[in-house]
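Descriptive structure summary
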Amino acid sequence: MAYRHPLFTDEHDALRQTVRSWVESELTPHSVDWESEGYFPDWVFKRAGELGLTGARYPVEVGGQGGDWGHTIVISEEMARIGSAGVGMGLAVQSDMATPPIHKFGTPDQIERYLKPAIRGEKIACLGITEPNAGSDVAAIETTAVRDGDEWVINGSKTFITNAVRADFCLLVTRTNKGAGYEGFSLFLVDTDLPGWNVQRHLDKLGMRSSDTGEISIQDVRVPASALLGTEGKGFYQIMWELQGERLIGAAGSLSGAQLVLDRTIEYALGRHAFGKPIGKFQVNRHAIAEMATEIEAARQLTYDVAIRWERGEYPVKEISMVKLYSAGVVGRVMNRCLQLFGGLGYSDEFFMERAWRDARLIRIGGGTDEVMREVISKSMGL
Amino acid sequence: MPGLEIGLEDAKERFAAIPRAGLFTQDHEELRAGIRQWIEGRLAPHADEWERERDFPYREVFKEAGGIGLFGAKYEEAYGGTGPDLIADAVITEETVRCRAGGVAAALGAHKDLGPYYVYRFGNEEQRRRWIVPAIAGEAIGALAVTEPNAGSDVGSITTRATRDGGDWILNGAKTFITNGSISDYVVVAAKTDPDAGHQGLSLFIVDADTPGFTRSRVHTLGWRTSHTGELHFDDVRVPAGNLLGEEGRGFYHIMGNFQWERVVMALGAVAAAEQTLEGGMAYAKERHAFGRPVAKFQVWRHRFADLATEIEAARSLTYHALRKIVAGEDAVKDVSMAKWFSTELSWRVADEALQVHGGYGFMMEFPVQRAWRDSRLGPIGGGTTEIMKEVIGRLMGL
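Summary of the structure given here. (Residues numbered from 1 in each chain as written. Chains lettered and ligands numbered in written order. Predicted model: local features only at pLDDT ≥ 70, side-chain atom pairs only at ≥ 80, totals over all residues.)

Let's talk about the overall build of chain B
Keep this limit in mind: Working definition: helices are DSSP H or I runs of at least four residues, strands are E runs of at least two. Numbering for both runs from the N terminus. Using C-alpha atoms as the atom set, the radius of gyration is obtained and then compared with a globule rule of 2.2 Å times the number of residues to the power 0.38. Neighbour density around each residue's C-beta defines its exposure: 20 or more other C-beta atoms within 10 Å make it buried, 12 or fewer make it exposed, and counts between make it partly exposed, where C-beta atoms are placed from the backbone. Contact between two residues is assigned whenever their backbone-derived C-beta positions fall within 7 Å.
Per the secondary structure count, chain B includes 13 helices and ten strands. On C-alpha atoms alone, chain B measures out to a radius of gyration of 22 Å, which is about the 21 Å that the 2.2 N^0.38 rule sets for 399 residues. Its C-alpha atoms give chain B principal-axis dimensions of about 75 × 70 × 45 Å. Going through the 399 residues of chain B one by one, you find that 54% of them count as buried. When contacts within chain B are restricted to residue pairs at least 6 apart in sequence, those whose partners lie at least 24 apart make up 72%.

Now the structure itself:
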């Protein structure tokens, strides 16, 4: 039996084949269209739900497949094959960012109303954390939820929200107690058809163009007390927990994208001749490719190692931050060097390389910037 | 759900059963604690003194190390070993580095993983009995001599010659940069047995240090100052046929075969050294004040330390991946080459930043960080340079 990382079993290999064939037959053929339209169709969520991909890691009782983090990583790696990273991002928000807190902190009613239809791909979810004036500094959030009898009244705005334009509900981070610092945040599940909830703009982005990103205005949106997710005042810690999984997935998916680009670069470098030989045979390029392959392997092994710890129930915040920080750097460097190897072709529009280069730029920003990762890591080392 | 059958296994049980990093069991962790105690108690306190003297009581240290099983993890009990267990041997490598003198770690490591290990891997039973058993006990020191003044990474270009004379072999030539070369009791020597046969013309021989015609001297080095690095001369050195190690003409392939182990232990050592050096740099930065606060509290340093700690974790994961493949008996040439250059380059960069955070004290010989800086510089050179590693990786990728 061929060696594989202890994170994976035969079951994971089989899942990889299933996802790969789905992606290659039903998604990849549309990637160029979706990129130019700035949107991928809603049926992708429904189909992912039918295939069981949205619920891969959720228990069977809530409609999931009962998988583990190995399955989640396999899915995010294979989604990268679309070559339009926005699709994988939209689906990952649905399966692994906006919904895990419902499973972990939600009531049976919330699980019934939101989690189960989300797993089936019938209800689309978005996650509302970032605001115009609060990004990495989550504690600076200004959207407020104020109690009014049996209801909460929410006011504020959110931006850079993936899936916002089409979402049926939002997992929203709000401030419920201004003076309480980190203890003053709470999470809500908000239906997007409520009066006062307005998606103001479908944002135009540098990359990840197939994914819709919205700016949301929230004016006197009234939700019942039952919309509160988890414990009042614990929202900050709940969302920090969510971010750990998000960072692992972001790393695994973007590394897979970098590996695919590197593979295509090698193929190109062996076919393209200059000065009488394939450009890949020039020692400088050979070593550049060796360096990229090494860094991708290091980042991938680190991601897998930490995924095992996370699956085991440890809370390795420092190591997950390292996974995110290191992978983001590797992915960015690989994309840039591969574009260089493609020369003018790499710079051409509608060729996969320039798109991959643009898409990859987000990973150093989204889900916690490089700088915030370094803050987390150095703090956890007592600095 | 159609087409998807997952979650069939009891994931909780499966994940609970995976040893740390897919490698280290409770027994390994206990071994680690024992070795660490000996290294930190017996060796580390003398590091400064031994470095100043450019020497260490190697006979005594090797004997004691043999006594606690430092050299025996890869070998069966029949030879006095405690194994074979490559993972246990990796633990020993990681812990040996903590003696704080790269030269002592190198001396112990070269004995553990090079000369005598060659005898074990490629030798016959008689050779094993004669040269392995005392090596495991720490009573005889072994060395490996491949590099020559004009042949380093390019192993195929060595010129030391072995010619047949009746039942014997006669060796002529010179070797250099040989760790333990000037103190060893025997040397495994690579020599050309057929200069026209290219890579097929190389063979290995075991030469006892007291063989007439074998002379040696010590070369002084930038780092690894406690280590006895030797220059060896072979002037009509006559050895019996029984000293041919492995197959005649297969020497090049034997060397390449053991390179995987040599390089993965170098990567393991580099990661362990980087970790220790970074700890030292951070500890100093926390104590040292400038502009009213500890240097460690300046954001530029906090982020630099965060980056280095991150890269160390990445190097560790990459190295453990290579080690797992070796333990599984897989071809790991590409993975090992990756781990070797990546970890050794990183180890030196960590030492350079640790030196930087020490400011002027970093430049003073009384502070150990300068030693880490010098010692770690060998990593990207020895055992196959960084450039050679990238050649190997590139070629394996079809480039």
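Focus: helix 11 (residues 352–360) of chain A
The complete set of buried residues in helix 11 of chain A reads Met353(A), Arg355(A), Ala356(A), Trp357(A), Asp359(A) and Ala360(A). On its buried face, helix 11 of chain A sits against helix 2 (31–37), helix 5 (85–97), helix 8 (235–271) and helix 10 (317–347) of chain A.

Overview of the interface of chain B and chain A
Many authors give the size of an interface as the accessible area that is lost as the parts come together. With 43 residues of chain B at the interface, the matching set in chain A holds 44 residues. The set of elements that each furnish at least two residues to the side of chain B that touches chain A consists of helix 1 (11–17), helix 10 (299–327), helix 11 (333–357) and helix 13 (386–396) of chain B. Of all the elements, helix 10 of chain B adds the most residues to the side of chain B that touches chain A, at 15 residues.

Remarks on helix 9 (residues 283–311) of chain A
Heads up, the condition is: Under the convention used throughout, the expected extent of a helix is 1.5 Å for every residue step, that is, one less than its residue count.
In this model helix 9 of chain A runs 42 Å from its N-terminal to its C-terminal C-alpha over 29 residues, within 8% of the 42 Å that 1.5 Å per residue would give. One or two residues past the end of helix 9 of chain A sits Gly313(A), with phi positive at roughly 95°.

As for the packing of helix 2 (residues 26–43) of chain B against helix 5 (residues 86–96) of chain B
Residues and elements named next belong to chain B. Here is the rule: To obtain an axis, a line is fitted to C-alpha atoms, over the contacting stretch when the element is a helix, and the angle between two such axes runs from 0 to 180 degrees between their N-to-C directions. Any angle that falls under 35 degrees is termed roughly parallel, while one over 145 is termed roughly antiparallel, one within 65 to 115 roughly perpendicular, and all others oblique. Left-handed describes a crossing whose near helix is turned anticlockwise from the far helix through less than a right angle; right-handed describes the clockwise counterpart. Classes in brief: Ala, Val, Leu, Ile, Met, Phe, Trp, Tyr, Cys and Pro nonpolar; Asp, Glu, Lys and Arg charged; the others, Gly included, polar.
Between helix 2 and helix 5, the least distance of the axes is 9 Å, while the angle of their chain directions is 30°. Considering their axes alone, helix 2 and helix 5 lie roughly parallel with respect to each other. Handedness of the crossing formed by helix 2 with helix 5: right-handed. Contact residues: His28, Leu31, Arg32, Ile35, Arg36 and Ile39 in helix 2; Ile87, Ala88, Val91, Ile92, Glu95 and Thr96 in helix 5. Residues belonging to the contact of helix 2 with helix 5 are distributed by class as follows: seven nonpolar, two polar and three charged.

Topic: the environment of His233(B)
Residues and elements named next belong to chain B. For histidine 233, the position within the fold is in strand 7 (residues 229–240). Considering only alpha carbons, one finds histidine 233 and leucine 144, 89 residues apart in sequence, at a separation of 14 Å. Dropping the residues within four chain positions of it, histidine 233 is found in contact with Ala174, Thr215 and Arg216.

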